[in-house]
Amino acid sequence: MSDKRLAIVVLAAGQGTRMKSSLPKLLHPIAGVPMLGHVLATARALEAAHVVTVVRHERDRIVEVVNDELPESIIVDQDDTPGTGRAVEQAVGVLPQEFDGDVLVINGDVPLLDSKTLGKLIDRHRAGSASATVLSAILDDATGYGRIIREKEGALDRIVEQKDASAAELGVNEINAGVYVFAVAPLRRELPRLTTDNVQAEKYITDVIGLLRERGAKVSAAPVSEPWVVEGVNDRAQLSAAASRLNSLIVRGWQLEGVTIHDPATTWIDVKAVLARDVTIKPGTQILGATVIEEGAEIGPDTTLVDCEVGEDAVVKRTDATLAVIGRGASVGPFSYLRPGTVLDESGKIGTFVETKNARIGASSKVPHLSYVGDATVGEGANIGAGTIFANYDGVNKHATTIGSFVRTGSHNVFVAPITIGDGAYTGAGTVVRKDVPAGALAVNVAPQRNMDGWVEANRPGTAAADAAAAANGNEEQ
Ligand code: UD1
Ligand code: MG
C-alpha cells in the first residue's frame, strides 16, 4: 500500500571528497551493490507517493543507479549553491503544490539504514504532530558528525556541524544521522531562509531545525538503539566498516536459513546471492554478484564465485569462477579457473590447474589435470588427458573445438581449432590434433621413437649421466 502522505528526498549530489577516489562516493560497492543502491532499496520499501533524488557530481553515473534501483524517482539536478539544504530546497521545489504530507530526507551515504527504522521515525513524527523529527544516535566517537544540541530540559534546540562546533559542543556524543522527517509546510517556509554563513559556506539542511525552533515549532530527535544502523560512510575506513557489518548480517541471515558457514569472518556474501539449505561454505570464500547455490553444495575453502550457478551437491574447492554454471553433483578444483561461459554438466569434473572459458563440458565428462579448455564443446562421458591445450586462437581469430561423447584423449595433446573429434575416438599421448578425428578412430602423429644406443656415454663423457649409464650398462672402468 503506498503512503500518499509521504515524499522521500534522497541526497546524492555530493562529491565525497574524503573518499579520495575517481569513483563517486555513492557508487562504491557494499555487498555487490553501490552504496546508494542500498539507500534507494530502503526508500523503495516505504512506497512513498513521491521520491526525488538530488544529483550533481557525476550525475549520469548516479542516475544510472537510480534508474536501476528506484526508477520511479524524479531526478533533480542541484545547482551551483552547495550543501544539503540547497539539495532539499530544490527537491521540495518539484513536489506538487497540493502535496501537504511529510518529507523524509535521507543522506545517500547511510547504506545500513533499514526501512523498519525509517518506519518508526515516521510514526513517531506523525504521532507527535511535529514539524521536524530527526534520527540521532549516541556514538562513542562522534567525530565528523553534526551534533545534536539539546536544551537543559533535553528538548532539541539545533544541530551544529563538526566544523562549526565549539569545544563544548564537540564533547556531545549524540549525532545527527542525516535522516529527518519534516512536515512539508514548515519545511517550505524555512528552506529559503537558509544561508551559507558557516565554515563550509554551504546551505545546511540541519539549520532548518534551529530555524523551526526559533519560531517555536515542535521539533524532536530520537536516538536509534543500534547506532551502526545510521553510520555514514565518508572515507574508506568507514566504507570497510559498513561493508563488514552488512556482511555479518548477511552471513547470519543465511545461517538462520540453514546454510553451514564455517568461518563468518572470512566468508563474504553479496546481497544478491541466493543459497539453499544445507549448503556448506568453508573458510575464505566469496559468494558474489547474483550467484545461486543449490542444496547440499559444498563451496570452499578459498573460493570466489561471481555470478555463478552451482547445482545440488556439487563440490567446488579453491576455485575462482565468473559467470560459470556448475551442474548437480559436479566437482571443481582444487585450483581451477572458470571464466565466463563455462558450463559443466551434471557429475562432470574440472580438476587441478585447469582453466576453462566459453566451454561446455558434458555430463560425467572430466578434465582432471593441468589443461586449458577454451571455445569448446565436450560431449558426455569423455576424458581429456592431463596437460591438454585447446589451441583456440590463431593469432587473429578464435576457433571452436568439438569433442564427442565417450572420447578418450591422451596426455599432453594440443587440439588446434577448428577441429572435431568424433564420438568414442581416442588420441595418443602427445598428439597435436590438426585434422578432424572420425568417431571411433585412434589419432596419433608423434614420430616413431628411435633409441640411439650409447649416445650419452659417447657425447657427454664425464657427466653424472654418463657415469650412471656406464654403471647400468656394465661399462665401468676396471
Ligand atoms: C551530514 C550532516 C551531518 C550528519 C551527517 C550524517 C549536513 C550539513 N550535515 O554531514 O549533520 O551528522 O551527514 O552522516 O547535512 N549532498 C548533496 N548535495 C550537497 C552536499 C551533499 O546532495 O551539496 C549529499 C551527499 O551526496 C551525501 C549527503 O548529502 O549523500 C550528505 O553529505 P555529506 O557531505 O556526506 O555530509 P556529512 O558531512 O556527512
Ligand atoms: Mg556523510
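Since we're looking at a predicted model, the values are computed, not measured.

### Some points on the overall build of the protein chain
- A tally of helices and strands in the protein chain yields 10 helices and 37 strands.
- Principal-axis analysis of the C-alpha atoms places the extent of the protein chain at approximately 115 × 55 × 45 Å.
- Within the protein chain, buried positions represent 48% of all 478 residues.
- For the protein chain, restricting intrachain contacts to residue pairs at least 6 apart in sequence, the fraction spanning at least 24 positions comes to 41%.
- Working note: accessible area of the protein chain is about 22400 Å², and carbon and sulfur atoms make up 50% of it.
- Across the protein chain, the 46 positively charged side chains and the 61 negatively charged ones have centroids separated by 3 Å.

### Some points on the site of ligand 1
- For ligand 1, the set of nearby residues contains 26 residues, the closest of which are Gln78, Gly83, Thr84, Glu161 and Asn176.
- Contact distances for ligand 1 include 2.9 Å between an oxygen atom and a backbone N or O atom of alanine 13.
- Between ligand 1 and glycine 83 there is a distance of 2.7 Å, counted from an oxygen atom to a backbone nitrogen or oxygen.
- Isolated, ligand 1 exposes 750 Å² of accessible area, and the fraction of that covered by the protein chains is 90%.
- With respect to the detected pockets, ligand 1 is housed in the largest pocket.
- In terms of residue count, the dominant contributor to the shell around ligand 1 is strand β10 (residues 174-183) (4 residues).
- Classifying every residue of the shell around ligand 1 gives 11 nonpolar, 11 polar and 4 charged.

### Considering the coordination of the magnesium ion (ligand 2)
- All of the protein donors around the magnesium ion (ligand 2) are Asp109 (OD) and Asn234 (OD1); their distances to the metal are 2.1 to 2.3 Å. In this pair, aspartate 109 is assigned in the loop between β6 (102-107) and α4 (115-127) and asparagine 234 in the loop between β11 (219-223) and α8 (236-256), connecting sequence segments 125 residues apart.
- Given a relative accessible area of 12%, asparagine 234 falls into the buried group.

### A short note on the packing of aromatic side chains
- Per the stated rule, a full pass over the model turns up 3 aromatic pairs.
- Between tyrosine 180 and phenylalanine 182 the ring centres are 5.7 Å apart and the planes differ by 25 degrees, which places this aromatic pair in the stacked class.
- Residues phenylalanine 390 and phenylalanine 415 carry aromatic rings whose centres are separated by 5.0 Å and whose planes lie at 85 degrees to one another, so their mutual orientation is edge-to-face. Here phenylalanine 390 is found in strand β31 (residues 389-391), whereas its partner phenylalanine 415 is found in strand β33 (residues 414-416), with 25 residues between them in sequence. Residue phenylalanine 390 shares its accessibility class with phenylalanine 415, and that shared class is buried.
- Above the ring of tyrosine 393, the side-chain terminus of lysine 398 is found at 5.1 Å from the ring centroid.

Each value, and the rule that gives it
Residues numbered from 1 in each chain as written. Chains lettered and ligands numbered in written order. Predicted model: local features only at pLDDT ≥ 70, side-chain atom pairs only at ≥ 80, totals over all residues. Heavy atoms only, no water. Helix = DSSP H or I, 4+ residues; strand = E, 2+ residues; numbered from the N terminus. Buried < 20%, exposed > 50% of the residue type's maximum accessible area, 1.4 Å probe, protein only. Contact = heavy atoms within 4.5 Å. Areas by Shrake-Rupley, 256 points an atom, 1.4 Å probe, with all protein chains shown as cover. Lys, Arg positive; Asp, Glu negative; His and termini not counted. Charge placed at Lys NZ, Arg CZ, Asp CG, Glu CD. Near = heavy atom within 4 Å. Polar contact = N/O pair within 3.5 Å; in protein donor to acceptor, adjacent residues only side chain to side chain. 1 Å grid on protein atoms, 1.4 Å probe; cavity = no way out; pocket = protein on both sides within 12 Å on 5 of 7 lines; lining within 4 Å. Sits in = over half its atoms within 2 Å of the grid points. Nonpolar A, V, L, I, M, F, W, Y, C, P; charged D, E, K, R; others polar. Donors = N, O, S within 2.8 Å, 3.2 Å for Na, K, Ca; no water. Phe/Tyr/Trp six-rings, centres within 6.5 Å; stacked < 30°, edge-to-face > 60°. Lys NZ or Arg CZ within 6 Å of the ring centre and 35° of its normal.

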